[in-house]
Amino acid sequence: MAAKVQPTEAEEKRQQDDVEVLDVRTEEEVEAGMIPGAIHIPLDEVENKMDELNQKKEYITVCASGKRSDQAADLLNEQGYQAKTLDGGMQEWNGEVTQ
């Protein structure tokens, strides 16, 4: 199980150049809004699109509640990336959201 990051900490960390937010929700879920600047790769595509990600960056994975993002973070960590999951997912996110 991947390490978790609290929403307030994630809000601070995402401002750093070496941290990216990776949203693994479905296209339909993302249409309702996502964290500004987040990269969108649905969970079922993460394994095939890992080469689009930078191994030198830390990733905070996000989904609706935290279950899929935990799976995504585990996949990334197994392949040598640094990833944590947003605890509680978008349900707990109180920061900015863009359409």
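Residues numbered from 1 in each chain as written. Predicted model: local features only at pLDDT ≥ 70, side-chain atom pairs only at ≥ 80, totals over all residues. Heavy atoms only, no water.

> For this particular structure, what's the right way to read the sheet that holds strand S4 (residues 58–62)?
Each strand in a sheet pairs with another by means of backbone hydrogen bonds, the pair being arranged parallel or else antiparallel. What the 5 strands build is an open sheet, ordered S1-S5-S4-S2-S3; its pairing is parallel. Each having just a single partner strand, strand S1 (4–5) and strand S3 (39–40) make up the two edges of the open sheet. The pairing of S4 with strand S5 (residues 82–86) spans 4 bridges and is parallel. In the sheet register, isoleucine 60 faces S5, and the bridge partner there is lysine 84. Across the sheet, helix H4 (residues 67–78) is in contact with S1, strand S2 (19–23), S4 and S5; its angle to S5 comes to roughly 175°. (Pairing = 2+ DSSP bridges. Helix = DSSP H or I, 4+ residues; strand = E, 2+ residues; numbered from the N terminus. Contact = heavy atoms within 4.5 Å. Axes fitted to C-alpha atoms, helices over the stretch in contact; angles between N-to-C directions.)

> Looking at this structure, how should I read the environment of alanine 64?
Looking at the secondary structure, you find alanine 64 in the loop between S4 and H4. For the pair alanine 64 and threonine 26, spaced 38 residues apart in sequence, the C-alpha separation works out to 9.6 Å.

> Sorry, what's going on with the side chain of arginine 14 here?
In this fold, arginine 14 is placed in the loop between helix H1 (7–13) and S2. We classify arginine 14 as buried; its relative accessible area is 17%. Only 3.0 Å separates the side chain of arginine 14 from the backbone oxygen of proline 36, close enough to count as a polar contact. Arginine 14 has contacts with Val19, Val21, Ile35, Pro36, Trp93 and Glu96, leaving out every residue within four places of it along the chain. (Buried < 20%, exposed > 50% of the residue type's maximum accessible area, 1.4 Å probe, protein only. Polar contact = N/O pair within 3.5 Å; in protein donor to acceptor, adjacent residues only side chain to side chain.)

> Is there a simple way to think about the packing of aromatic side chains in this case?
Each aromatic ring pair is characterised by the separation of its centres together with the angle its planes make. Tallied over the entire structure, the rule returns 1 aromatic pair. Measuring from ring centre to ring centre gives 6.4 Å for tyrosine 59 and tyrosine 81, while their planes differ by 70°; the resulting arrangement is edge-to-face. In this pair, tyrosine 59 is assigned in strand S4 and tyrosine 81 in the loop between H4 and S5, connecting sequence segments 22 residues apart. Tyrosine 81 shares its class with tyrosine 59; the two are buried. (Phe/Tyr/Trp six-rings, centres within 6.5 Å; stacked < 30°, edge-to-face > 60°.)

> Sorry, what's going on with the pairing of S5 here?
Two faces make up the sheet, and in a regular strand the side chains alternate between them. Bridge analysis of S1 against S5 gives 2 bridges, and the strand direction is parallel. Counted as the bridge partner of valine 5 is leucine 86 from S5. Where the polypeptide runs from S4 across H4 and back to S5, its parallel neighbour, the crossover connection is right-handed. (Right-handed = clockwise from strand over helix to strand, strands pointing away.)

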